There are 2 protein chains.
Amino acid sequence: MQTETSSYESLRHLGARELRQSIRNGSYSSQTAGLAAGRLQANLAILPEEHALDFMRFCQRNPKPCPLVGVSETGDPMLRTLGEDIDIRTDVSAYNVYKAGELECSQTDIKDLWRDDLVVFALGCSFTFEHALVAAGIPLWHFQENKTVPMYRSSIQTVPAGVFGGETVVTMRAVAASRVDDAVKLSRRYPLAHGAPLHIGDPADIGIQDLYEPQWGDAPPPVEDNVPVYWACGVTPQNALLRAKLPLALTHKPGHMLVTDIDEQAEVPVYQT
Amino acid sequence: MQTETSSYESLRHLGARELRQSIRNGSYSSQTAGLAAGRLQANLAILPEEHALDFMRFCQRNPKPCPLVGVSETGDPMLRTLGEDIDIRTDVSAYNVYKAGELECSQTDIKDLWRDDLVVFALGCSFTFEHALVAAGIPLWHFQENKTVPMYRSSIQTVPAGVFGGETVVTMRAVAASRVDDAVKLSRRYPLAHGAPLHIGDPADIGIQDLYEPQWGDAPPPVEDNVPVYWACGVTPQNALLRAKLPLALTHKPGHMLVTDIDEQAEVPVYQT
């Protein structure tokens, strides 16, 4: 019997729980941007308890790149504070498996890798403030063109904790000069989604050599009269994880986020039944 | 030789670091409300590393009563992310020492109790949003009368983590009906200082029997035409600590807060040199 696979378009109407169900039963394994509208999506980091306290310290000290929205019990694959019946072993559409800091493989579930000493961390992502910017009439090129936002290694150092550290990765969105203040104010309202920008203007100020050669994502079109605005990026904690060369670390595959039941506008990321 | 002690009034002009110096050298051991204006003050919880990961989970799951603003390295008494030269063994004006959930004593330093396995947690406090309310012309009775805000055990349960749990403690401030919306919006801007109210209106809705018999703090004057507004309170994590009956737990003595070098308006509580 062949497994029916679902297209992105056919899933657009689904709520978060139904979407996770489709992912769990193997019928969807693609990107999650724009799905389960209005629900908080999250970056994922899964690591052994031995390093969990330091990783939490790292998140606390670097809340803009690493806004913590949920932490599991040790060894419990259910993310009870982020929604109904979220099994982190199966409910994300694709995972990256890292061993000693190297990408070993990507897979669509991590049932074979689950261990009693693993702790799951969910971290807010940029979708939340991007939706707010678009709703306020600040257009985003990568939304309109269906591209990935450009990401850069900056010279802004994170505050280290234990084995975790390294530079802050930033995203860039070009904003009309007249709307930069609005973009700052709006994004500051979302501390669980990277908050206000880290920098505005000259890329060289934060160690970016060439705006048109991002380290990840797509090269942006010419900035022209717009102002480049830089926000902290969820690749920062992923890089910190790789840099730490843990024997085992699991993350979502970029773009394949955890879709939670939390309202994107919620002040506090705690699911209430 | 007698130790010179400083009065509250003589310290009002001091910056945070000078104030901590006066506390460290034993010349000041009283309350800190209104001192080092503009600097973030924090609640304190110090506990063995064995329970630190669960306590951090507890804070992450209950960010309104427990807004984490700083976490030390294990065994390191210096709070490096919250300011210049903060030694947590000496720089708070009074500490409470709890053993197995009972108050053993209060003391003005904890040098004799420091251990290599202790982790320090600093949690945001209500001063920050109270200053914003007063600045916006929303008067606070307990400021005007030099009293302590009334605090109540509510029926709102915290989300537990490990040995930590229990009910949420709330404070009450009576606000003119016409300013309640402003008070909500303003306080929501301060997620590191308890954020927006947990409840507005009837105390019975959140299990408060008698508004005029608070469990801690001073009884408020008649609410009259004002609306009672309830915010999460930093006594919540203290209660969770007591309830957990750890062999050793240290906190600040109520009102005797840790005075940091962080700007009260800062988006992120990380000290930059």
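Residues numbered from 1 in each chain as written. Chains lettered and ligands numbered in written order. Predicted model: local features only at pLDDT ≥ 70, side-chain atom pairs only at ≥ 80, totals over all residues.

J.: Can you explain the overall build of chain A? Please cite residues and give values.
T.: Helices and strands together make up the secondary structure of chain A, namely seven helices and 11 strands. Computed over its C-alpha atoms, the radius of gyration of chain A comes to 18 Å, within 12% of the 19 Å expected for a compact globule of 273 residues. For chain A, the spread of C-alpha atoms along the three principal axes comes to 55 × 45 × 35 Å. Within chain A, the proportion of its 273 residues that are buried is 47%. Residue pairs in contact within chain A that sit at least 24 positions apart in sequence constitute 75% of those at least 6 positions apart. (Helix = DSSP H or I, 4+ residues; strand = E, 2+ residues; numbered from the N terminus. Rg over C-alpha atoms; globule rule 2.2 N^0.38 Å. Buried ≥ 20, exposed ≤ 12 C-beta atoms within 10 Å, placed from the backbone. Contact = placed C-beta atoms within 7 Å.)

J.: Can you explain the sheet that holds strand β6 (residues 151-157) of chain B? Please cite residues and give values.
T.: All names here are of chain B. The sheet built from four strands is open, its strands ordered β6-β7-β9-β8 with antiparallel pairing. Single-partner strands in this sheet number two, and they are β6 and β8 (199-200). Relative to strand β9 (residues 227-232), strand β7 (residues 167-175) is paired through six bridges, and the arrangement is antiparallel. Looking across to β9, one finds that T171 is bridged to W231. Across the face of the sheet, helix α6 (residues 180-188) comes into contact with β7, β8 and β9 while running at roughly 10° to β9. (Pairing = 2+ DSSP bridges. Axes fitted to C-alpha atoms, helices over the stretch in contact; angles between N-to-C directions.)

J.: Quick one: what's the story with the domain arrangement of chain A, residue by residue and with numbers?
T.: The figure often quoted for interface size is the accessible area lost as the parts come together. Residues and elements named next belong to chain A. Looking at the assigned domains, one finds that chain A contains domain 1 (8-125 + 245-263) and domain 2 (127-236). Of note, the centres of domain 1 and domain 2, computed from C-alpha atoms alone, are 22 Å apart. Counting from both sides, the interface comprises 20 residues of domain 1 and, opposite them, 20 residues of domain 2. Of all the elements in the fold, those that place two or more residues in the side of domain 1 that touches domain 2 are β1 (39-48), α3 (52-61) and β5 (118-124). Here the side of domain 1 that touches domain 2 gets five residues from one element, more than from any other, and that element is α3. (Domains from an automatic or database assignment.)

J.: So what about the packing of α3(A) against helix α3 (residues 52-61) of chain B? Which residues, and what values?
T.: Working note: a packed helix pair is described by the angle between its axes plus the distance between those axes. It is the contact of α3(A) with α3(B), at a shortest axis distance of 9 Å, that shows an interaxial angle of 40°. Crossing handedness for the pair α3(A) and α3(B): left-handed. For the pair α3(A) and α3(B), the contacting residues are A52(A), L53(A) and M56(A) in the first and A52(B), L53(B) and M56(B) in the second. Broken down by class, the residue content of the contact of α3(A) with α3(B) amounts to six nonpolar, no polar and no charged. (Left-handed = near helix turned anticlockwise from the far one by under 90°. Nonpolar A, V, L, I, M, F, W, Y, C, P; charged D, E, K, R; others polar.)

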